[in-house]
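Spelled out, the chains give:
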Amino acid sequence: MKEHLASLDTLSINLGAGEMVIVNIILAIVMFGVALGIKFQTFKDIFKNPKSVIVGILLQWVLLPAVTCLLAIILNPFITPMVAIGMLLVASCPGGNISNFMSSLSKGNVELSVSMTAITTAFAPIVTPLNFWLWGTLYCRFAAVRNDIPTLDIPFMDMLEQILLILGLPIILGMLFSHYFPNGAKRIMKPLQILSILLFMGMVAVSLSQVLAALEPRWEVYASILCALTIVIIHNASALSTGYTGATLMKLPKSDRRSLTIEVGIQNSGLGLALLFNPAIFDPSLWSHNGGMLLITALWGVWHIVSGLTISYIFRRSDK
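Residues numbered from 1 in each chain as written. Predicted model: local features only at pLDDT ≥ 70, side-chain atom pairs only at ≥ 80, totals over all residues. Heavy atoms only, no water.

Draft legend 1. Quick peek at the confidence of the model for the chain. Across the chain, the average pLDDT comes to 81, with 84% of residues at 70 or higher. Helix α4 (residues 51-74) holds the highest mean pLDDT among the elements of the chain, 94, whereas helix α3 (residues 40-45) holds the lowest, 66. (pLDDT = per-residue confidence, 0-100. Helix = DSSP H or I, 4+ residues; strand = E, 2+ residues; numbered from the N terminus.)

Draft legend 2. The arrangement of a nonpolar patch on the surface in detail. Together, Ile172, Leu176, Tyr180 and Phe181 give the surface a local cluster of nonpolar side chains, amounting to about 440 Å² of exposed area. Mapped onto the fold, Phe181 is located in the loop between α9 (157-180) and α10 (182-214). (Patch = residues over 30% accessible without salt bridge, like charges linked within 9 Å, V, L, I, M, F, W, Y side chains within 5 Å. Areas by Shrake-Rupley, 256 points an atom, 1.4 Å probe, with all protein chains shown as cover. Salt bridge = Lys/Arg side-chain N within 4 Å of Asp/Glu carboxyl O.)

Draft legend 3. Layout of α9. Under the 1.5 Å per step criterion, the end-to-end length of α9 is 33 Å for 24 residues, consistent within 8% with the ideal 34 Å. Inspection of α9 places Met159, Leu160, Gln162, Ile163, Ile166, Leu167, Gly168, Pro170, Ile171, Gly174, Met175 and Ser178 among the buried residues, and these make up the whole buried set. (Expected span 1.5 Å × (residues − 1). Buried < 20%, exposed > 50% of the residue type's maximum accessible area, 1.4 Å probe, protein only.)

Draft legend 4. A look at the environment of Leu198. With respect to the helices and strands, the residue Leu198 is situated in helix α10. In the structure, Leu198 is positioned 168 residues away from Val30 in sequence and 9.7 Å away in space, judged by C-alpha atoms.

Draft legend 5. How the structure looks around the nonpolar core. Ile79 and Leu275 are the most contacted members of the largest nonpolar core, which has 74 residues in total. Here this core takes 9 residues from helix α5 (residues 81-92), the largest share from any one element. Excluding residues within four positions of it along the chain, Ile79 makes contact with Lys2, Leu5, Ala72, Ala84, Met87 and Ile231. Core analysis: the second largest hydrophobic core is formed by 5 residues, Ile98, Met102, Ile266 and Ile305 among them. (Core = buried A, V, L, I, M, F, W, Y, C linked by side-chain atoms within 4.5 Å. Contact = heavy atoms within 4.5 Å.)

Draft legend 6. Main features of the packing of α5 against helix α14 (residues 291-318). Where α5 meets α14, the closest approach of the two axes is 7 Å, and the angle between their N-to-C directions is 40°. By the criterion of interaxial angle, the relationship of α5 to α14 is oblique. Of the two elements, α5 crosses α14, and the hand of that crossing is right-handed. For the pair formed by α5 and α14, the contact residues are Met82, Val83, Ile85, Gly86, Met87, Leu89 and Val90 on the first element and Gly292, Met293, Ile296, Thr297 and Trp300 on the second. Taken together, the residues of the contact of α5 with α14 sort by class into 9 nonpolar, 3 polar and no charged. (Axes fitted to C-alpha atoms, helices over the stretch in contact; angles between N-to-C directions. Parallel < 35°, antiparallel > 145°, perpendicular 65-115°, else oblique. Left-handed = near helix turned anticlockwise from the far one by under 90°. Nonpolar A, V, L, I, M, F, W, Y, C, P; charged D, E, K, R; others polar.)

Below you can see the structure in the form of structure tokens.
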């Protein structure tokens, strides 16, 4: 498996300046749409019944990156460092807005799901770069000791600056628009959410096409993609399990367990793709071979929809 994944790491995939502008615009639209559902009242309501939200935040911000780092270390004989760093990047991203729909489908606590998405998204400009730097640096030191890679600096300040610009600004504008123009926000929220999902899927499709275009159509290539998908499935299963196990151990209500399972297992991998393509964060001269990271992040964007819908259906059927 490691040999197949190593062939992906040899790829150098970057976007031109014009394409990068389009990616940033897409991300801004997606985050603006998510922010329309974030109410200032949401943060006040947390203090009324904080247990489930606090547990969810700890699972999302602390346990998921920690479990991912541990999983990457356990799988180290089978995966490459770039694949591992791609896993950590996904785990550092906030929850995806499609999780709210899945939470409703599973008969979970939709208000909890919305609150979780709102909080993790609102604080993503700080938490995402911090988590990626912390756990990425920890893994890189482990890999460097094993001579798998030279010492590699994980970008923190560059990522922080860029995320505050491309993520923080649309979130603030969306929240302000929703606060001062609530009727207008209600009218455009649903169409914008549908558009956001379509744009997100388009971003994933473009990313996968970039990887496939850089690969020669041989059976070894398909084996490499299958290996990467296997890692994504294992990682996503561990994320879903982290959400469910943590919520169960804390003896949360059944509906809350369902929502937190989905919330922790559904990540905003579109943000991860936008960050990977940003040369101000991942300098091409230092991160010249990013195919493995890119494929892991893009495949997650496809697989977590499949797994999330499957889990939602299982939860819904379990009531019967």
